Amino acid sequence: VRFVESGGGLVQPGGSLRLSCAASGFTFSNYNMSWYRQAPGKERELVAAITSTGGSTNYADSVKGRFTISRDNSKNMVYLQMNSLKPEDTAVYYCTARVIRRYWGQGTQVTVSS
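For clarity, every value in this text was computed on a predicted model and none was experimentally measured. (Residues numbered from 1 in each chain as written. Predicted model: local features only at pLDDT ≥ 70, side-chain atom pairs only at ≥ 80, totals over all residues. Heavy atoms only, no water.)

Novice: Can you explain the environment of serine 20? Please cite residues and give values.
Specialist: Position of serine 20 relative to the elements: it lies in strand E3 (residues 17-24). When the C-alpha positions of serine 20 and glutamine 81 are compared, they lie 8.7 Å apart, and in sequence the two are 61 residues distant. If we ignore the near neighbours within four places in the chain, the residues touching serine 20 are Val4, Glu5, Ser6, Trp35, Met77, Val78 and Tyr79. (Helix = DSSP H or I, 4+ residues; strand = E, 2+ residues; numbered from the N terminus. Contact = heavy atoms within 4.5 Å.)

Novice: So, the pairing of strand E9 (residues 91-99): which residues are in play, and what are the values?
Specialist: Most of E9 sits inside the fold, with eight of its nine residues counted as buried. Here strand E4 (residues 33-38) runs beside E9; their pairing, made up of five bridges, is antiparallel. Directly across from serine 34, in E9, lies its bridge partner threonine 96. Pairing analysis gives three bridges linking E9 to strand E11 (residues 108-112), with the strands arranged antiparallel. (Buried < 20%, exposed > 50% of the residue type's maximum accessible area, 1.4 Å probe, protein only. Pairing = 2+ DSSP bridges.)

Novice: How would you summarise the pairing of strand E8 (residues 77-82) if you had to cite specific residues and measurements?
Specialist: Within E8, five of the six residues are buried, leaving the element largely enclosed by the surrounding structure. One ladder, built from six bridges, connects E3 with E8; its direction is antiparallel. Looking at E8, one finds that arginine 18 is bridged to glutamine 81. In the sheet, strand E7 (residues 67-72) pairs with E8 via six bridges, with the strands oriented antiparallel.

Have a look at this one:
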C-alpha cells in the first residue's frame, strides 16, 4: 500500500490549493479515503473523508464550506480542493486509508502566509 501526496506549497491567505494523492498497492475503489493534517506542536487531525464510491463525504468543522474532498476511482486518485485558505490551515497534509491497518503517505506541506 502506498500513497504519494502532491500539490502543497506556499499560498497567501484567501488563496487556493488542490492537493492530490496517488494510491497504489490495493483495490482503491473498495476503500474509504481520508485527508488528515498535522500542524507544528499539534496532534494529527481529520480534515475530510470520502466513502469508497464517493457518495458520501464528511469534514472537520474548521474546513466545512472551504474544502472539498473528491476521488477518481478510475485513476486511483483522491483530491482535496482547499479554498479561502487561512494561516491556521498551515500544516503537513496526509492521505490515508485503513487497509487492514492504517497506512499514511509522506505528506505535503501547506503554508498559508502573507
